[in-house]
Protein chains: 2
Amino acid sequence: MTALPVSNTASSEVDRLPHVVIVGGGFGGLTAAKALKDAPVRVTVIDRRNHHLFQPLLYQVATAALSPADIAAPIRAVLRKQRNGRVLLAEVEAIDVAAREVALTDERIAYDYLILAAGTSHAYFGRDEWEPLAPGLKSLEDALEIRRRVLWAFEAAERERDPTVRDALLTFVVVGGGPTGVELAGSIAEIARYTLARDFDRIDPTRAKVELLEGADRLLLTFPETLGRRAERDLKHLGVRVRLKAMVTGIDREGVTVGDDERIAARTVLWAAGVKASPLTRTLGAPLDRAGRVQVGRELAIPGHPEVFVIGDLAAATDEGGRPLPGTAPVALQQGNWTAANIRRAVAGQPAAPFHYNDRGNMATIGRNKAVADIKGLKVTGFVAWVMWAIIHVFNLVGYRNRTLVSLQWIWAYATYQRGARLITDGSPDRI
Amino acid sequence: MTALPVSNTASSEVDRLPHVVIVGGGFGGLTAAKALKDAPVRVTVIDRRNHHLFQPLLYQVATAALSPADIAAPIRAVLRKQRNGRVLLAEVEAIDVAAREVALTDERIAYDYLILAAGTSHAYFGRDEWEPLAPGLKSLEDALEIRRRVLWAFEAAERERDPTVRDALLTFVVVGGGPTGVELAGSIAEIARYTLARDFDRIDPTRAKVELLEGADRLLLTFPETLGRRAERDLKHLGVRVRLKAMVTGIDREGVTVGDDERIAARTVLWAAGVKASPLTRTLGAPLDRAGRVQVGRELAIPGHPEVFVIGDLAAATDEGGRPLPGTAPVALQQGNWTAANIRRAVAGQPAAPFHYNDRGNMATIGRNKAVADIKGLKVTGFVAWVMWAIIHVFNLVGYRNRTLVSLQWIWAYATYQRGARLITDGSPDRI
């Protein structure tokens, strides 16, 4: 790394406090920052985006139910009242654990404690050429791109005269049967069956096909098997074709190849199949797993550097029994709080405590009145699970504004079967 | 034009009804379509976008107060219950008035009556090279681009160490002192003074400069002079520097040149100064004014073609006294209704009636508690005008959902001084 001006020059009493740098303003990073509010430290949150994103509802932006701003909050606004916190909108290029510095494109930031919570992006199993053909769902930009493609497909079908092409335009393939894939497939089926049902002249949107492809022998692998089967049944009821043990071997502009030679002619393919860690992890010099996640110790720190913590889905952490923790929001939130507590302990000269994950449950929604939940072994399905899902997700949104707006839009959508953010912006996907 | 398949083949009794083709789903076109609901005609609305846009509130999307979906409605959803209406999402390339056909990229649509309501875009006085440097505000994409530039400027200033560059980043120039320019300048000043005031560490957003440039000797030329002066005073009170008789002679990445040699160093320049008609008007063979608007007769039809109507800001229409009508939403709405009535008359074998504009007034908002209104000579300013403005605009939004969401977000913003859609998406402007 070249020499760049190092900020963090002491100018007041506050500036002499230990400096905690948090990379990433997602669930893990933002929770840690807030939990350090009154600690005797300075906190700097660095993110390349200006907003915290409530990712569990991102599929609702992708499927035109909510607006981007409904599930996002400016990081600066969230931390405004925190006197020991500041925010930098910047891209982190590398971590220099030896020098205890974070390298930005044009600046180096010295730290005493580092929390790396930079998250994951899509992985295409080494087939990066699939990325433009089958967008994944991690950012607001991704969600708007998927929304544009899905809505545009119906419009293009309405104008298409070749029935073979029209069928391909009205076929939607979702690759990956985890929660995101299940939610996307269910939502697209609902758009076709309800929202758009009577809006077209030449096509019948209710005849659109939605195909959900999963490589394993059931959906929702991180849930108990009965809930995976229930999700499968619910999706079929919505008209989704669920294909299990289906390995995608090719994606092109005309469709998807499954296994050796089965073809699905589809103009819209969405990716919900794999994740890979932020490339930042490679600069740590710590052991990584196959997806690039950092193999952290029980205290969530990297070997040899008790001052460098990795949390959220960037960390390959395990529970007391050695089982890997899922890359979910509750894990990230609890790790953020735990790490903040460990930093308070370190500042006070106490040893770090090993992380304990309090598993309160796991839930996924399939569609209107349909969800599955696993709460400490209690399996809940159908309307009750769906209401629980809605309440928990509204409750966990950042800010009263977002909670109110999301609740109202859900009530409106439930009553009318409509979706309020049915916008195609930035032109047709063909022009991209 | 090359031979393309001509649709509009009669297949049922409905298909034998006269065919009204409406180009553009804005205020004029959509109003005309709805007013033809039970008329003995078939209606086809063609738009290259899938949504009707409530343009008077577009500046609120550009200044992070509202989300795109709050001020837009899918054209298909608006016309869903209209049995004689259909919608095509397509780009119109030309009008063939001799053949009575609308040419799309891949299809020709025959019409018996045509309503051209395709609107206007920005005009840069022949300096098209200014367009990427100073975006205008006509579409949702424009609004998101302006939002991105404004919010990003503060973030870039926070990270900038050169004080000269920092000042240029914190200087915002709005070119054009009509309603859009006044609204943009006022909103940016409010963002700096209130919304962002305490959110940064190294910069003081309240010291940002907002400059409003107007070539004439006062603001809001279409309003009575006292209201233009009042808007000027209100803007100055918000910290906006208003420069009258200021002719922009140059725009580049570093700033704006005014008159012979005065420079304003500014990294954000917004354009609210001129409009030009859709290039479609050139294919009509009708007389155009300097901005490319169609000089229609008193019935809003073009000379020699009583079946071709041009409405909204695409029409250079005049009132009974020969005075030009403004390019506003109320004019477009009334022209849409009037033209629908004229088409009903034509179908019934009656002559068309000359358009009469019922001028109910004119209003513009400057900021919190500040607006000006001219209602049939009655001049209203300040808080009362501002409340009137808010009520009228909410009332005229399409759909209960949008009315509710906009009202709630305004109440929330009024109470907290915050802006709910403070998102920078699609990366930094530098990457565009």
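Residues numbered from 1 in each chain as written. Chains lettered and ligands numbered in written order. Predicted model: local features only at pLDDT ≥ 70, side-chain atom pairs only at ≥ 80, totals over all residues. Heavy atoms only, no water.

### Considerations on the pattern of salt bridges
Link 1 in the chain: On inspection of all chains with the given rule, the structure shows 57 salt bridges over all chains.
Link 2 in the chain: When the shortest N-O distance is used, the salt bridge between Glu190(A) and Arg419(A) registers 3.5 Å. Within this pair, whereas Glu190(A) is found in helix α6 (residues 179–195), its partner Arg419(A) is found in the segment after α10 (400–416), the two being separated by 229 residues in sequence.
Link 3 in the chain: The partner of Glu141(B) in a salt bridge is Arg49(B), and the shortest N-O contact between them spans 2.9 Å. In this pair, Glu141(B) sits in helix α4 (residues 140–159) while Arg49(B) sits in the loop between β2 (42–47) and β3 (51–53), placing the two residues 92 residues apart along the sequence.
Link 4 in the chain: Of the residues examined, Arg49(B) reaches a relative accessible area of 27% and is grouped as partly exposed. (Salt bridge = Lys/Arg side-chain N within 4 Å of Asp/Glu carboxyl O. Helix = DSSP H or I, 4+ residues; strand = E, 2+ residues; numbered from the N terminus. Buried < 20%, exposed > 50% of the residue type's maximum accessible area, 1.4 Å probe, protein only.)

### Thoughts on the domain arrangement of chain A
All names here are of chain A.
Link 1 in the chain: Along its sequence, chain A is carved into domain 1 (18–122 + 276–348) and domain 2 (128–273).
Link 2 in the chain: With 18 residues of domain 1 in contact, the opposing surface of domain 2 contributes 18 residues.
Link 3 in the chain: Summed over both sides, the interface of domain 1 with domain 2 buries roughly 1600 Å², with 67% coming from carbon and sulfur.
Link 4 in the chain: Its largest share of buried area at the contact with domain 2, domain 1 owes to Tyr59, Ala62 and His122, together 37% of the area lost on that side.
Link 5 in the chain: Connecting domain 1 to domain 2 are two salt bridges.
Link 6 in the chain: Residue Asp313 is joined to Lys138 by a salt bridge in which the shortest nitrogen-to-oxygen separation is 3.9 Å.
Link 7 in the chain: Across the contact surface, domain 1 and domain 2 share five residue pairs in polar contact (both at pLDDT 80 or more).
Link 8 in the chain: For the side of domain 1 that touches domain 2, the secondary structure elements donating two or more residues are β3 (51–53), α2 (58–62) and β10 (120–122).
Link 9 in the chain: Among the residues forming the side of domain 1 that touches domain 2, the class breakdown is 10 nonpolar, six polar and two charged. (Domains from an automatic or database assignment. Contact = heavy atoms within 4.5 Å. Buried area = accessible area lost by both parts, 1.4 Å probe. Polar contact = N/O pair within 3.5 Å; in protein donor to acceptor, adjacent residues only side chain to side chain. Nonpolar A, V, L, I, M, F, W, Y, C, P; charged D, E, K, R; others polar.)

### A word on the sheet that holds strand β6 (residues 92–96) of chain A
All names here are of chain A.
Link 1 in the chain: Ordered by their spatial adjacency, three strands build an open sheet running β6-β7-β8, and the pairing between neighbours is antiparallel. Unpaired on one side and paired on the other, β6 and β8 (108–110) mark the two borders of the sheet. Each adjacent strand pair in this sheet contributes to an overall mean axis angle of 20°, direction not counted.
Link 2 in the chain: Pairing of β6 with strand β7 (residues 101–104), which is carried by four bridges, proceeds in the antiparallel orientation. Looking at β7, one finds that Asp96 is bridged to Glu101. (Pairing = 2+ DSSP bridges. Axes fitted to C-alpha atoms, helices over the stretch in contact; angles between N-to-C directions.)

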